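Summary of structural features
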Amino acid sequence: MGMRKMTLPPVSRMQFTSDMHICRIINGMWQVSGAHGPIDPRAAIQNMLEYHREGFTTWDLADHYGPAEDFIGEFRRQLAKAGGTQALAASQAFTKWVPSPMKMTRPVVREAVERSLRRMDVERLDLLQFHWWDYTNPNYLDALAYLDELREQGKIRHLALTNFDTAHLEALLKNGIHIVSNQVQFSLIDRRPEVQMVQLCQEHGVWLLPYGTMCGGLLSEIYLGRAEPRPWELNTASLQKYKHMVDTWGGWKLFQELLQTLKGIADKHQVTIPNVAVRYVLDSPVVAGVILGVRLGAADHRQETGQIFGFMLDEQDHVQIQTVLDRSRDLYRLIGDCGDEYRG
Ligand SMILES: NC(=O)c1ccc[n+]([C@@H]2O[C@H](COP(=O)([O-])OP(=O)(O)OC[C@H]3O[C@@H](n4cnc5c(N)ncnc54)[C@H](OP(=O)(O)O)[C@@H]3O)[C@@H](O)[C@H]2O)c1
């Protein structure tokens, strides 16, 4: 069996902002941070060029994901060498700033943005997604005001958030801060965004960029029919994080029923469990694109991921999925709104 050269179809793309056309599957770079096993930088950059060539042109990263911002810098230099400015213009890199909740002055904020600009080797950040750990500390309002200044000065194309809850997103929008998107956990297991967040986003034209949609790989054939994994068998930070979610959601037995149901649906469409899990979230009304973690140079799911754009879930699929989900616990009641898991 030869390797087929793949290119994503046009439906894989969407107009995210007036100036940015993105891939609806966004390559997540937490997986290069070291918390998911070793990554060889050279192989990773090679792999990034392949992703880009096949249409996976959009990257999600953060200042604290190990070498992720440096990888973008090196990837862009190599991309420019191979394809010039045109190739560069077709690539989008969405980073984050996750400061500790200290005093937010103009120099502190500028220095953080300039550090990302230097590392990523760009003149302007395509999207800066801001995270804040503690709403009782109001300094985030200063941070966002200074970030907005940097946006006006052309250092940031668009301002966004990650893990903000509905109330605080709403307050910011009412304050006139122009927020393009909010990156939140959103999967078949964690549907908290559907409670309030989606509606607010619809009203204000804010996109959601979901993560955790494959539960770090738990939502896949690998775990179908498997005994409950022991903590030490969960060898990535993602698997550990989302196993906790599954436990809170309803436990391993119900999770197995969900996997069985998804397998039936996947077989019917001749796709896979991750394909079904991602398609479900991708079809939510305010989802621009879903972020899927990629272990660059170490694991490759591109061919399989491309199948997401070749099928749709039908009414019967939704009924079957809902029948299982109806028996799960209410994570909104147990954990709170989007991002509350970060704010014990
Ligand atoms: N804003 C935040 O607070 C936040 C938090 C977490 C994540 N994120 C973002 O979201 C991204 C996604 O990370 P995540 O931790 O949520 O993980 P995820 O995307 O739910 O899971 C990624 C893992 O799923 C496995 N997998 C199984 N089948 C797959 C398939 N068909 N296609 C692709 N992968 C498959 C892969 O494992 P193998 O590599 O072992 O094959 C892969 O490493 C991160 O990289 C980051 O950019 C953001």
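Refer to the structure above for everything that follows.
Residues numbered from 1 in each chain as written. Predicted model: local features only at pLDDT ≥ 70, side-chain atom pairs only at ≥ 80, totals over all residues. Heavy atoms only, no water.

1. Structural notes on the sheet that holds strand β10 (residues 290-293)
Applicable threshold: By the convention used here, strands pair only if DSSP detects at least 2 bridges between them. We count a stretch as a helix when DSSP gives it H or I for four or more residues in a row; a strand needs E for two or more, and each element gets its number in order from the N terminus. To get an axis, fit a line to the C-alpha atoms, keeping to the stretch in contact for a helix; angles then go from 0 to 180 degrees between the N-to-C directions. Every residue pair with non-hydrogen atoms within 4.5 Å of one another is taken to be in contact.
Strand order in this open sheet of 8 strands is β9-β8-β7-β6-β5-β4-β3-β10, and the pairing throughout is parallel. What marks the edges here is a single partner per strand, and that holds for β9 (207-211) and β10. Ignoring which end each strand starts from, the neighbouring axes of this sheet average 30° apart. Bridging between strand β6 (residues 125-130) and strand β7 (residues 156-162) involves 5 bridges; their strand directions are parallel. Counted as the bridge partner of Q129 is A160 from β7. Sheet strands in contact with helix α3 (residues 106-120) are β5 (92-97), β6 and β7, and its direction is about 145° off that of β5.

2. Side note on the site of the ligand
Let me state the cut-off plainly: A single heavy atom is enough: if one lies within 4 Å of a molecule or strand, its residue is considered near that molecule or strand. Two N or O atoms count as a polar contact when they lie within 3.5 Å, although within protein this holds only if one can serve as hydrogen donor and the other as acceptor, and sequence-adjacent residues are included solely when both atoms are side-chain atoms. Per-residue accessibility takes into account occlusion by the displayed protein chains alone, with areas from the Shrake-Rupley method and a 1.4 Å probe.
Around the ligand, 29 residues are found, and the nearest of them are Q31, D60, S238, Y242 and H301. Residue H301 places a side-chain N or O atom 2.6 Å away from an oxygen atom belonging to the ligand. When the ligand is considered free in solution it has 910 Å² of accessible area, and contact with the protein chains removes 90% of it. Looking at the shell around the ligand, the elements that each hand over two or more residues are α7 (237-249), β10 and α10 (302-306). Broken down by element, the shell around the ligand gets its largest block of residues, 3 residues, from β10.

3. A closer look at the nonpolar core
Going by this rule: Grouping buried Ala, Val, Leu, Ile, Met, Phe, Trp, Tyr and Cys residues that are joined through side-chain atoms within 4.5 Å yields what is termed a nonpolar core. Buried means the residue's accessible area, taken with a 1.4 Å probe over protein chains only, is under 20% of the maximum for its type, while exposed means over 50%, and partly exposed covers the values in between.
Residues F16, M29, F130, L147 and L218 are the most contacted members of the largest nonpolar core, which totals 116 residues. Per element, the largest residue contribution to this core is 8 residues, and it comes from helix α8 (residues 251-269). L218 has contacts with Y223, L234, L239, Y242, K243, V246, W252, F255 and L259, leaving out every residue within four places of it along the chain.

4. A closer look at the state of the cysteines
The criterion, for reference: Cysteine sulfur atoms that pair up within 2.5 Å are treated as a disulfide.
Applying the stated criterion to the full structure yields 0 disulfides. The thiol of C215 is unpaired, and the distance to the nearest cysteine sulfur, on C338, comes to 15 Å. Of the cysteine sulfurs around C338, a residue in no disulfide, the closest is that of C201, at 8.2 Å.

5. Comments concerning the side chain of R24
Rule in force here: A residue counts as positive if it is Lys or Arg and as negative if it is Asp or Glu; His and the chain ends are not included. Every case where a carboxyl oxygen of Asp or Glu lies within 4 Å of a side-chain nitrogen of Lys or Arg is listed as a salt bridge.
Position of R24 among the secondary structure elements: in the loop between β2 (20-23) and β3 (25-28). One buried charge, R24, has no salt-bridge partner; the nearest side chain with opposite charge is D283, at 5.2 Å. One polar contact links the side chain of R24 to the main-chain carbonyl oxygen of V287, over a distance of 3.0 Å. Sequence-distant contacts of R24, that is, excluding residues within four places in its chain, are made with V11, S12, R13, M14, R279, L282, V287, A288, G289, V290 and F309.

6. Things to note about the environment of Q270
By the element assignment, Q270 lies in the loop between α8 and α9 (273-282). Placed 182 residues apart in sequence, Q270 and L88 show a C-alpha to C-alpha distance of 35 Å.

7. Focus on the pairing of β3
What counts here: With the strands pointing away from the viewer, any crossover whose connection runs clockwise from the first strand over the helix to the second is right-handed.
Because side chains alternate across β3, one face comprises the buried residues I25 and N27, and the other comprises I26 and G28, equally buried. Pairing of β3 with β10, which is carried by 4 bridges, proceeds in the parallel orientation. Considered in β10, the bridge of I25 is made with V290. Examined bridge by bridge, β3 and strand β4 (residues 58-60) share 2 bridges and lie parallel to one another. Opposite N27, over in β4, you have W59 as the bridge partner. In this region the chain leaves β3, passes through helix α1 (residues 41-53) and returns to the parallel neighbour β4; the handedness of that crossover is right-handed.

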